[in-house]
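# Per-entry structural report
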Amino acid sequence: MSPDRVIAWAQIALSLLYVGGYFTMLGAFLMGYIRTPVEWKDQLGVLIGVLTAGVTLILQFWFSRQRATPSA
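These numbers come from a predicted model, not from an experiment. Chains are numbered independently. Their residues run from 1 in the order of the written sequence. Confidence filtering applies because this is a predicted model: local features only for residues at pLDDT of at least 70, side-chain atom pairs given and counted only at 80 or more, and all residues used for totals across whole chains, interfaces and linings. Based on all heavy atoms of the structure, the side-chain values leave hydrogens and waters out of the count.

### Here's the deal with the environment of Ile48
- Helix and strand definitions follow DSSP, with helices as H or I runs of at least four residues and strands as E runs of at least two, each counted in order from the N terminus. Counting through the fold element by element, Ile48 comes out in helix H2 (residues 41-64).
- Put simply, Ile48 and Leu26 are 22 residues apart on the chain and 8.1 Å apart in space, counted from C-alpha to C-alpha.
- Apart from the residues within four sequence positions on either side, Ile48 is in contact with Tyr22, Met25, Leu26 and Phe29. Contacts are assigned to residue pairs that have any heavy atoms within 4.5 Å of one another.

### A closer look at the packing of aromatic side chains
- Between 30 and 60 degrees the pair is tilted, below 30 it is stacked and above 60 it is edge-to-face, where a pair is any two Phe, Tyr or Trp rings, Trp via its six-membered ring, whose centres lie within 6.5 Å. Within this structure, the stated rule accounts for 2 aromatic pairs.
- Measuring from ring centre to ring centre gives 5.0 Å for Phe61 and Trp62, while their planes differ by 75°; the resulting arrangement is edge-to-face.
- Relative accessible area decides the class of each residue, using a 1.4 Å probe on protein chains only: under 20% of the type maximum gives buried, over 50% gives exposed, and in between gives partly exposed. By relative accessible area, which is 33% here, Phe61 ends up partly exposed.

### Brief notes about the side chain of Ser15
- Structurally, the position occupied by Ser15 is in helix H1 (residues 3-31).
- On the basis of relative accessible area, Ser15 is assigned to the buried category, the value being 13%.
- When sequence neighbours within four positions are dropped, the list of residues in contact with Ser15 reads Ile58 and Trp62.

### Concerning H2
- Expected span of a helix: the number of residues minus one, times 1.5 Å. Compared with the 34 Å implied by 1.5 Å per residue over 24 residues, the 34 Å span of H2 between its first and last C-alpha is a close match.
- For H2, the set of buried residues is Leu44, Leu51, Gly54, Val55, Ile58 and Trp62.
- Of the surrounding secondary structure, the elements contacted by the buried residues of H2 are H1.

### Describing a nonpolar patch on the surface
- Patches here are clusters of residues that have more than 30% relative accessible area and form no salt bridge, with a 9 Å joining cutoff for like charges and a 5 Å cutoff for nonpolar side chains (Val, Leu, Ile, Met, Phe, Trp, Tyr). For accessible areas, the Shrake-Rupley method is used with a probe of radius 1.4 Å. Any residue's cover is judged against the shown protein chains and nothing else. For salt bridges, the criterion is a side-chain nitrogen of Lys or Arg within 4 Å of an Asp or Glu carboxyl oxygen. A cluster of nonpolar residues, Met1, Val6, Trp9, Ile12 and Leu16, forms a patch on the protein surface that exposes about 590 Å² of accessible area.
- Tracing the backbone through its elements, the reader meets Leu16 in helix H1.

### Things to note about H1
- End to end, H1 covers 42 Å across 29 residues, agreeing with the expected 42 Å (1.5 Å per residue, within 8%).
- Packing partners of the buried residues in H1 comprise H2.
- Downstream of H1 by a residue or two, Gly32 has a phi angle that is positive, lying close to 90°.

Written out as structure tokens, the structure reads:
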């Protein structure tokens, strides 16, 4: 397996892991499975904002990069 292919699979796996974990955590908060003290409201808002920015960066990476055209 070529190094480029290994890197591509690693990028795909890490992207899926991050985005899947993000939506799992967000769903757990929204469904009430994770209960936090009221005093943590501001800190949790910042945490969710930072994680959301990470999701947008991952999407930007996948949708804005230049891909080589396959040669026949």
